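Structural description and commentary
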Amino acid sequence: METKILIVEDEPGLAKLHRDYLQQSGFVTEWLAEGLEVVSWVKEHSPALILLDLMLPGKDGLEICEEIRTFSDVPIIMITARVEEVDRLLGLELGADDYICKPFSPREVVARVKTVLRRSSPPPQEEQQLLTVDEESYQAILQGEKLDLTAVEFKLLSVLAKKPGRIYSRDQLMDLLYNDQRIICDRTIDSHIKKLRKKIAVTAPKLEVIHSIYGAGYKYEKL
Ligand code: CA
């Protein structure tokens, strides 16, 4: 399984250095240079680890780290320009997993990434690989098996699974699923949900992840 590392660094040269070394070690990388983009990107893509530069345009690493900790335990390695800064950062108890000072050796960064990943206890296998949704290839992998979904079923699953526990009304789902102005009876959603559930049941008969909330709509959640 690929391990995606998010590099947050506003100096392109450094970002490229991180990227090259991490990719050589088999990691998949993404790069963001702008502080304001980071939190929403992390929410959407759930990287395996974040290399977070402290000084960034838009929003600094401290704020970003704090915000990410409100919704995620993703390992964060904070990168600072000064050794003295580390003590201060440790004192702030931001929840970063490690600190690296510039200048650093790229090899050291890779070594730290590996250590932090190893240390951050991975969730149980089942939990981790329950469902993977790839919006580019329109593929959904449930417990290691590809689900054979129509485009609409795929979108439905993808929307619901992106925010586990969040309840979507039929109207919201229709808006998210159909961009055009077709008039669609809201039972359409029910029928797609029904088919989706059946397909999930083929792969994982005991797994119930799509739940109906009476009078409200649907949600995705592993209970
Ligand atoms: Ca910087």
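Residues numbered from 1 in each chain as written. Predicted model: local features only at pLDDT ≥ 70, side-chain atom pairs only at ≥ 80, totals over all residues. Heavy atoms only, no water.

Side note on the overall build of the protein
Scanning the protein from N- to C-terminus turns up nine helices and ten strands. Along the first, second and third principal axes, the C-alpha set of the protein runs to 60 × 30 × 30 Å. Taken over 223 residues, the protein has a buried fraction of 41%. Charged side chains in the protein number 30 positive and 37 negative. The centres of these two groups are separated by 7 Å. (Helix = DSSP H or I, 4+ residues; strand = E, 2+ residues; numbered from the N terminus. Buried < 20%, exposed > 50% of the residue type's maximum accessible area, 1.4 Å probe, protein only. Lys, Arg positive; Asp, Glu negative; His and termini not counted. Charge placed at Lys NZ, Arg CZ, Asp CG, Glu CD.)

A look at the coordination of the calcium ion
Listed as protein donors to the calcium ion are Asp 10 (OD), Asp 53 (OD) and Met 55 (O); their distances from the metal cover 2.1 to 2.3 Å. Along the chain, the residues that donate to the calcium ion are spaced as D-x42-D-x1-M. (Donors = N, O, S within 2.8 Å, 3.2 Å for Na, K, Ca; no water.)

Thoughts on unusual backbone geometry
Note that the residue after Lys 102, namely Pro 103, is joined by a cis bond; omega there is -5°. Relative to the helices and strands, Pro 103 is located in the loop between strand S5 (98-101) and helix H5 (106-119). One non-glycine residue with positive phi stands out, namely Tyr 138, at about 60°. Structurally, the position occupied by Tyr 138 is in the loop between strand S6 (131-134) and strand S7 (139-142).

A look at the domain arrangement of the protein
By domain assignment, the protein separates into domain 1 (4-120) and domain 2 (125-220). A C-alpha centroid distance of 32 Å is found between domain 1 and domain 2. (Domains from an automatic or database assignment.)

What to know about the packing of aromatic side chains
Under the definition given, this model contains one aromatic pair. Note that Lys 43 overlies the ring of Phe 71, its terminal NZ or CZ placed 5.0 Å from the centroid. (Phe/Tyr/Trp six-rings, centres within 6.5 Å; stacked < 30°, edge-to-face > 60°. Lys NZ or Arg CZ within 6 Å of the ring centre and 35° of its normal.)

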